[in-house]
Amino acid sequence: DLKPVIDELNENHIRNVTETETYSKMELLLSPCDAEVAESISQDYITKLIRACRRSYDFVILDLPSAMNPITYTALEESDLIYYVINLDTPSIKVYKQVEELFKRLNMDTEGRLELVVNQKGRENELNLSDLKNFIPIPVGATVRRDVKGIQAAVNKGEPLRKEAREKKMIPAAKDIRKWVLSKLK
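Here is a short report on the structure shown in this document.

Scoring rules and cut-offs
Residues numbered from 1 in each chain as written. Predicted model: local features only at pLDDT ≥ 70, side-chain atom pairs only at ≥ 80, totals over all residues. Heavy atoms only, no water. Helix = DSSP H or I, 4+ residues; strand = E, 2+ residues; numbered from the N terminus. Buried < 20%, exposed > 50% of the residue type's maximum accessible area, 1.4 Å probe, protein only. Contact = heavy atoms within 4.5 Å. Areas by Shrake-Rupley, 256 points an atom, 1.4 Å probe, with all protein chains shown as cover. Lys, Arg positive; Asp, Glu negative; His and termini not counted. Charge placed at Lys NZ, Arg CZ, Asp CG, Glu CD. 1 Å grid on protein atoms, 1.4 Å probe; cavity = no way out; pocket = protein on both sides within 12 Å on 5 of 7 lines; lining within 4 Å. Points joined across faces, edges and corners; volume = space filled by probe spheres on them. Nonpolar A, V, L, I, M, F, W, Y, C, P; charged D, E, K, R; others polar. Pairing = 2+ DSSP bridges. Axes fitted to C-alpha atoms, helices over the stretch in contact; angles between N-to-C directions. Parallel < 35°, antiparallel > 145°, perpendicular 65-115°, else oblique. Left-handed = near helix turned anticlockwise from the far one by under 90°. Phe/Tyr/Trp six-rings, centres within 6.5 Å; stacked < 30°, edge-to-face > 60°.

1. Points about the overall build of the protein
Within the protein, the regular secondary structure consists of eight helices and five strands. Listing each helix as α and each strand as β along the protein from the N terminus yields α-β-β-α-α-α-β-α-β-α-β-α-α. Here the C-alpha coordinates of the protein stretch approximately 50 × 45 × 35 Å along the principal axes. Looking at the protein as a whole, 30% of its 186 residues are labelled buried. Taking the intrachain contacts of the protein between residues at least 6 apart in sequence as the baseline, contacts between residues at least 24 apart amount to 66%. Carbon and sulfur atoms make up 51% of the accessible area of the protein, which amounts to about 13,000 Å² in all. Each charge class in the protein can be summarised by its mean position, and for the 29 positive and 30 negative side chains these summaries are 10 Å apart.

Right, here's the structure in full:
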């Protein structure tokens, strides 16, 4: 939808195609549903889109696929911060080491821009945070507790983890995410 105006992209163009999430009022720019259209998006288009969004919004959050392609690479290069989501287990560390090696081969500078987000932290984990720090010398920006019951209920209902700004009864994972976000606003 933005291709025809990509060279003069401004806030109005972006707001015309975003969808507003009901509870948070967060504006979402969804990727194309049509795979053919998605494949026609260029690195230059992504660069212009991210830069235009940066001018219009306080925060721009990109949810990138795990596969590395030119578009993903461009988005990572344009990012101020990169949060790598990891679990506390051996397979996750092995995958991270592969990603780290790929970043090096691509000469991607992640110094001071890369933080870990530990997902599904609990007593049942194979590793703990101190083990993780021994294997990966990247700062841990946040930890999100394992909360299968709370998250699964929200997923099954198609609801967000949090519906109100001052919600009293939040599930543990939502509390952890809120704590992380608030720490970044300081």
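Don't stop here, the text continues.
2. Details of the layout of surface pockets
A volume near 250 Å³ is recorded for the second largest pocket. For the second largest pocket, the lining is made up of 15 residues, of which T110, E111, G112, L114 and I138 are closest to its centre. Broken down by secondary-structure element, the contributors of at least two residues to the lining of the second largest pocket are α5 (90–105) and β4 (114–121). The element that contributes the greatest number of residues to the lining of the second largest pocket is α5, accounting for four residues. Grouping the amino acids of the lining of the second largest pocket by side-chain chemistry returns eight nonpolar, two polar and five charged.

3. A look at the sheet that holds β4
The strand order β3-β4-β5 describes an open sheet built from three strands, whose pairing is parallel. A single partner strand is all that each edge strand has here, and the edge strands are β3 (82–87) and β5 (140–145). When the angles between neighbouring strand axes are averaged without regard to direction, this sheet yields 20°. Direction of pairing for β4 relative to β5: parallel, over a ladder of four bridges. Its bridge partner being in β5, V118 is matched across the sheet by T143.

4. Quick notes on the packing of helix α3 (residues 43–56) against helix α4 (residues 70–78)
Helix-helix packing is characterised by the crossing angle of the two axes and by the distance between the axes. Interaxial distance between α3 and α4 falls to 9 Å at its minimum, and their mutual angle equals 30°. Compared by their axis directions, α3 and α4 come out roughly parallel. Between α3 and α4 the crossing geometry is right-handed. In contact with Q43, I46, T47, I50, R51 and R54 of α3, α4 contributes P70, I71, T74, A75 and E78. For the contact of α3 with α4, the residue count by class is five nonpolar, three polar and three charged.

5. Quick look at the packing of aromatic side chains
Note on aromatic pairs: each is described by the distance of the centres and the angle between the planes. If you walk through the whole model with that rule in mind, you get two aromatic pairs. Geometrically, the ring pair formed by Y84 and Y96 is edge-to-face, given 5.1 Å between the ring centres and 75° between the ring planes. You can see Y84 sitting in strand β3 and its partner Y96 sitting in helix α5, a full 12 residues away along the chain. For the residue pair Y84 and Y96, the accessibility class agrees, reading buried in each case.

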